[in-house]
Amino acid sequence: VYTINAATIKAQVRPTMYGIFFEDINMAGDGGVYAELVKNRSFEFKDPLMGWDEVKQDKADGSILILNRGEANPNNPRYIQISSKSAKGYGLINEGFRGMGIKKDNRYNFSVLAKMEEASAISLQIELVNGKGEIIGSTTVSPSSKQWKKYTASFIATETEPKASLRVLLKGIGSVDLDMISLFPQDTWKQRPGGLRADLVQKLADMKPGFLRFPGGCIVEGRELDTRYQWKRTIGDVANRRMIVNRWNTEFAHRQTPDYYQSFGLGFLEYFEMAEDIGASPLPIINCGMACQFNSCELVPLNQLGPYVQDALDLIEFANGPVNSTWGKKRAALGHPKPFNLTMMGVGNEQWGPQYIERYKIFEKAIHARYPQIKLVSSDGPFSGGDIFNYSDKIFRKLKAAIIDEHYYNSPEWFLKHVNRYDHYDRNGPKIFAGEYAAQSVGGGNPENKNNWKCAMAEAAFMTGLERNADVVSMTSYAPLFAHVEGWQWKPDLIWFDNLQSFGTPNYYVQQLYSLNKGTDVVPLTLNNEAVEGQDGCYASATLDNNKHELIIKFVNTSNVVQKADFSMSGITSVTKASLTLLQSDNLDSVNSLDQPFAVSPQISNIEFKDNHIKLNLKPYSFNIIRVNI
Ligand code: AHR
């Protein structure tokens, strides 16, 4: 008999308990959530023509030049000059990010910055072509100005095509300069022009996340300081956001992404807006004057940290400042006068050692001198899977840090074994942010890692321990979040997508179920007066939802046999209704896929109850959520 005493509140579950970790890794940003379809739209990749090819219709004659106006426009120096000697149609074709995903009957918005060298009667023919080279949508624009000017046109696609490309053809004899050649679907998230891919943001919204951590991950740090994330360069006109190579631009055997750059079209305003849209508290992470310690380990001398600290202070003002403050004014000018209510910020990602602590102290002092209410998240390095009381943890305890960000990527067995990780954690010290974790079916960095049910179930079991210890664990997020099926660098990942579709993994449904069923207060669920932490392969936790007057039991049966469970509930008046949400597979190797997106997905049914008892046969390899109206 499992005993639940709903009258004994053990801890409160914070609204931030289950959140999202977003990083532009695996083409999550450019080529993913950021709905731009043109790759290398401003010719700023290392190879300026990467993603582009020359097109000569009917053997038309012409030439292409890449020009650099570095001094006049340091953020976006390059542009292309197309000259045509015949009227037949000469120009360029863009391959998109592993092709362009186009949907029949949807509207597509084309835009380009153009400048004429000499006045001439030319036009640009814009054509979307399918894999067979057939035109599936087209429009024209007619540049006329000798100054840089934006031209726009839109059209409806006549076919669905996962791998379209975009032709930009100069019709007529003459020459034109082009930059920021862009194509967006109209049906972006909230229909924002130049916005985000609606199906992917919807998947995040469906999780009802408590927070959104952004922009990473290692991209906060950069391989070198030069390629660190600098938020001020990511706001304002997209044509002026200085593009850099992505830290995850790799050319390893299974990680062929030499075309991975950050356009910053998904920049800090868009991150804050996305957080606001999906009801999540924003959690930006800022560079602390250290590049990735696994790569260059480049450091900013302590006496030169000023601009880095200033970036942090200005970010708080950008998010929260009144519209007459310097950065609040910029936020308002970008269309968001209302503050974003930033309450927390991370100083550095996955940093460790004395160099980090020295830098953290400088940030902490400056930020709290001006904004004492901002909670700082300090990094614990990548080693949290080891000794819980490691170097950083001890120091942060002394420094009275608010929240420590722990990361653990490990085997499913590790997750089961460490379900009690926080049971004896010092209640008087910093809170824990389980900021990055995932069970790996094969091991770190291995391309064979799968988002299988075994891993997802182990995470569900481990999370009973996070939830039971919600008084110290204040935030949790799986990582990484997104991966393009043809452009990933890291496995496993929560949500996979191609150019047209996406699916949640079994791990996604575990995260979602925790978030949708978090409740407000932890109450004890015991077996023979002990927490359920692996007895007969079972793991459990229980919460109350004080708003909905419900008791929520989470029960994970990792064994291969049915568990006959009798839940005895005290401290409640009477049960009026009970339901079971089941996530289960008989096969530990089960995965979801683009073809079978719901192979492992939640099923809801009503269940019986009698005299404050619920008796259930809980299936082998199952994650069960029992909601009881009380
Ligand atoms: O989630 C992938 C990477 O894992 C993150 O960028 C980094 O913080 C960690 O090492």
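As annotated in an unreviewed UniProt entry, the protein chain carries the name non-reducing end alpha-L-arabinofuranosidase and comes from Mucilaginibacter frigoritolerans.

(A) Region of interest: the sheet that holds strand β38 (residues 622-629). Spatially, seven strands are ordered β2-β29-β32-β33-β38-β35-β36 in an open sheet, and the strand pairing comes out antiparallel. Strands with a single pairing partner mark the edges of an open sheet, and in this sheet they are β2 (11-12) and β36 (603-606). Note: strand β33 (residues 550-557) against β38, eight bridges, orientation antiparallel. Within β38, the position partnered with Lys-554 by the bridge is Ile-625. Here helix α9 (residues 453-468) sits on the sheet and contacts β29 (521-523), β32 (538-545), β33 and β38; the angle it forms with β32, its principal contact strand, is near 50 degrees. Running over the sheet, helix α10 (residues 506-516) touches β35 (577-584) and β38 and is turned about 160 degrees from β35.

(B) A look at the sheet that holds strand β15 (residues 211-214). Strand order in the open sheet made by the eight strands is β3-β15-β20-β21-β22-β23-β24-β25, with parallel pairing throughout. If you trace the sheet from one side to the other, it starts and ends with β3 (20-21) and β25 (473-478), each paired once. Two elements, β3 and β15, share two bridges in a ladder whose sense is parallel. Bridging from a neighbouring strand, Ile-20 pairs with Leu-212 of β15. Packed on one face of the sheet, helix α6 (residues 353-370) meets β21 (344-347) and β22 (375-379) and runs near 175 degrees to β22.

(C) Region of the structure containing the packing of helix α4 (residues 306-320) against α6. Between α4 and α6, the least distance of the axes is 10 Å, while the angle of their chain directions is 35 degrees. In terms of crossing hand, the pair formed by α4 and α6 is right-handed. Between α4 and α6, the contacting residues are Val-309, Ala-312 and Leu-313 on the first element and Ile-362, Phe-363, Ala-366, Ile-367 and Arg-370 on the second. Its residues assigned to classes, the contact of α4 with α6 shows seven nonpolar, no polar and one charged.

(D) Layout of the packing of α4 against helix α5 (residues 326-333). Running from amino to carboxyl end, α4 crosses α5 at an angle of 50 degrees, the nearest separation of the two axes being 7 Å. On the basis of their axis angle, the class for α4 and α5 is oblique. Taken as a pair, α4 and α5 cross one another with a handedness that is right-handed. Counting all contacts with α4, which are made through Asp-314, Glu-317 and Phe-318, the residues of α5 involved are Thr-326, Trp-327, Gly-328, Lys-330 and Arg-331. Here the contact of α4 with α5 is composed, by residue class, of two nonpolar, two polar and four charged.

(E) A look at the pairing of strand β24 (residues 431-439). Most of β24 sits out of view: nine of its nine residues are buried. Pairing analysis gives eight bridges linking strand β23 (residues 403-410) to β24, with the strands arranged parallel. Looking at β24, one finds that Glu-406 is bridged to Ala-434. Crossover connection from β23 via helix α8 (residues 412-417) to parallel β24: handedness right-handed. When β24 meets β25, the two strands line up parallel, connected through four bridges. In the strand pairing of β25, Tyr-437 is matched with Tyr-478.

(F) Structural view of the environment of Tyr-509. With respect to the helices and strands, the residue Tyr-509 is situated in helix α10. Judged by the 22 C-beta atoms lying within 10 Å of it, Tyr-509 falls in the buried class. In this view, Tyr-509 contacts Gly-504, Leu-583, Val-600, Ser-601 and Pro-602; residues no more than four positions away in its chain are not counted.

(G) The arrangement of the domain arrangement of the protein chain in detail. Looking at the protein chain, the domain boundaries give domain 1 (2-12 + 523-629), domain 2 (52-185) and domain 3 (212-431 + 440-474). Computed over C-alpha atoms only, the centres of domain 1 and domain 3 are separated by 33 Å. Residue-level contacts link 21 residues of domain 1 with 16 residues of domain 3. Counting residues per element, the ones that place at least two in the side of domain 1 that touches domain 3 are β2, β32 and β33.

Rules behind the numbers
Residues numbered from 1 in each chain as written. Predicted model: local features only at pLDDT ≥ 70, side-chain atom pairs only at ≥ 80, totals over all residues. Pairing = 2+ DSSP bridges. Helix = DSSP H or I, 4+ residues; strand = E, 2+ residues; numbered from the N terminus. Contact = placed C-beta atoms within 7 Å. Axes fitted to C-alpha atoms, helices over the stretch in contact; angles between N-to-C directions. Left-handed = near helix turned anticlockwise from the far one by under 90°. Nonpolar A, V, L, I, M, F, W, Y, C, P; charged D, E, K, R; others polar. Parallel < 35°, antiparallel > 145°, perpendicular 65-115°, else oblique. Buried ≥ 20, exposed ≤ 12 C-beta atoms within 10 Å, placed from the backbone. Right-handed = clockwise from strand over helix to strand, strands pointing away. Domains from an automatic or database assignment.

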